[in-house]
Amino acid sequence: MAVEVLTTADGREKTALSRRHAATWFAARAAGRDLPVGTAAPPLRPARPDLPRLLDPRDVPRRRPGTAPGRLAILHAVAHIELNAVDLHWDIIARFTDVKMPLGFYDDWVKSADEESKHFNLVCDCLEEKDSHYGALDAHAGMWRAAEDTAEDFMGRLAVVPMVLEARGLDVTPGMIDLFQSAKETRTVDALKVIYAEEVAHVAYGSKWFHFLCGRHEMDPKTAFHDLVRRYFHGALKPPFNEEKRAEAGLPPDFYWPLANGPVPGA
C-alpha cells in the first residue's frame, strides 16, 4: 500500500489513494484482523507530476508576503510541503521493515499520512478558490533531500524529518495564520489551523519512536539526536522556536537550542 502511494504521481490521486489505504488499515485494526506488515522496495524518490517545476531553493522567486501574489506563493509552498509529507510518512513505513517495530508505529505513521493527505487537499481547495492550483508556481527541489540522506538510517530519518523539519512547521505556522487572518482569507485560516493542530502529533510520533529506539539500543536520546542532526541536517536550526508546542510534542529545549544559530535564552 505504501509503495502504491509513493509511485502515484498526481497529487489529488496520490492523496485519495493514501486516504483509502489508511481507512483500510484502521478498519482492519478496529475489527481485530491486523494487516500483515511485509517487506517492500520503495523508490528512492516518489513519483511526482510534471508540474510544479522543481528548482534549486536559491532560484525559487521571492515574493512579499503582504501582497496577494505573495500569499498565493506561500499557499503553493505549503501544498508542496504537505504533498512531500504524505510521501515521507508512507516512505518511513515501507523503507525500514527490516527493523521489527510494534504495530503502534504503523498506526502513528498511517494516521499521519492520512492527515497530511487531508492537509494537501485543504490547501489545494484554497488555491483553486483563488483560480490557481498546485503546479501553477515553481517549487523547492530540496524537500526530499532529507529522505534521501537518511534512506539507510532509521533513527536519522526520525531525527531529521519529524523532529526537525516538521517541528519547524510548529514555529512558522502561527505567523502564517496571522498573515492570512489580516487579509481576511477565512478559508485559508481555517485550513492552517487544522494543519497546526494536527502537526503537533506528527512531531510527537517522531519523538516517541526515536526515544523507543534509543531505549532499545541503550543510547542517550539527546546525544544521539544532536549527533544525527549534525550529520544529516544541512545548517543550523533557526530560532525563534515555538517552545510551548515543541514541549507538547516531546521536544525539550535542550534538544534543539544547542543546534541553533542564535543565543540560547538565559545563557
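Residues numbered from 1 in each chain as written. Predicted model: local features only at pLDDT ≥ 70, side-chain atom pairs only at ≥ 80, totals over all residues. Heavy atoms only, no water.

## What about the overall build of the protein?
Point 1. Counting secondary structure elements, the protein contains 10 helices and 2 strands.
Point 2. Along the protein, helices (α) and strands (β) appear in the sequence α-α-β-α-α-β-α-α-α-α-α-α when read from the amino end.
Point 3. Its C-alpha atoms give the protein a radius of gyration of 18 Å, near enough to 18 Å, the size a compact globule of 267 residues would have.
Point 4. In terms of principal-axis extent, the alpha carbons of the protein reach across some 50 × 50 × 30 Å.
Point 5. Taking the intrachain contacts of the protein between residues at least 6 apart in sequence as the baseline, contacts between residues at least 24 apart amount to 79%. (Helix = DSSP H or I, 4+ residues; strand = E, 2+ residues; numbered from the N terminus. Rg over C-alpha atoms; globule rule 2.2 N^0.38 Å. Contact = heavy atoms within 4.5 Å.)

## Brief notes about unusual backbone geometry
Point 1. Look at the link from Leu-51 to Pro-52: it is a cis peptide, with omega at 10°.
Point 2. Take Pro-52: it is sitting in the loop between α2 (11-30) and β1 (54-55).
Point 3. Residue Pro-240 is reached from Pro-239 by a cis peptide bond, and omega for that bond is 5°.
Point 4. With respect to the secondary-structure elements, Pro-240 resides in the loop between α8 (221-232) and α9 (243-248).
Point 5. A positive phi angle is found at Asp-131, which is not glycine, with a value near 60°.
Point 6. Along the chain, Asp-131 turns up in the loop between α4 (103-129) and β2 (139-140).
Point 7. Even without a glycine there, the phi angle at Lys-184 is positive, about 60°.

## Some thoughts on the nonpolar core
Point 1. Core analysis: the biggest nonpolar cluster contains 72 residues, and Trp-90, Phe-210 and Phe-225 have the highest contact counts within it.
Point 2. It is helix α6 (residues 154-182) that contributes the most residues to this core, 13 residues altogether.
Point 3. The contacts of Phe-225, once residues within four sequence positions are left out, are Ala-159, Met-163, Val-164, Phe-210, Phe-255 and Leu-259. (Core = buried A, V, L, I, M, F, W, Y, C linked by side-chain atoms within 4.5 Å. Buried < 20%, exposed > 50% of the residue type's maximum accessible area, 1.4 Å probe, protein only.)

## Remarks on α8
Point 1. Along its 12 residues, α8 runs 16 Å from first to last C-alpha, staying within 8% of the 16 Å computed at 1.5 Å per residue.
Point 2. Three or more residues of α8 are buried, namely Pro-221, Ala-224, Phe-225, His-226, Leu-228, Val-229 and Tyr-232.
Point 3. Elements in contact with the buried residues of α8: α5 (145-149), α6, α7 (186-216) and α10 (253-256). (Expected span 1.5 Å × (residues − 1).)

## Here we look at the layout of surface pockets
Point 1. Considered as a void within the structure, the second largest pocket measures approximately 260 Å³ in volume.
Point 2. Lining of the second largest pocket is provided by 16 residues; of these, Met-1, Ala-2, Pro-36, Gly-38 and Ile-93 occupy positions nearest its centre.
Point 3. Of all the elements in the fold, those that place two or more residues in the lining of the second largest pocket are α1 (2-6), α3 (68-95) and α4.
Point 4. Broken down by element, the lining of the second largest pocket gets its largest block of residues, 3 residues, from α3.
Point 5. Looking at the lining of the second largest pocket residue by residue, the classes come out as 13 nonpolar, 3 polar and no charged. (1 Å grid on protein atoms, 1.4 Å probe; cavity = no way out; pocket = protein on both sides within 12 Å on 5 of 7 lines; lining within 4 Å. Points joined across faces, edges and corners; volume = space filled by probe spheres on them. Nonpolar A, V, L, I, M, F, W, Y, C, P; charged D, E, K, R; others polar.)

On their own, these measurements won't tell you what the molecule is for.
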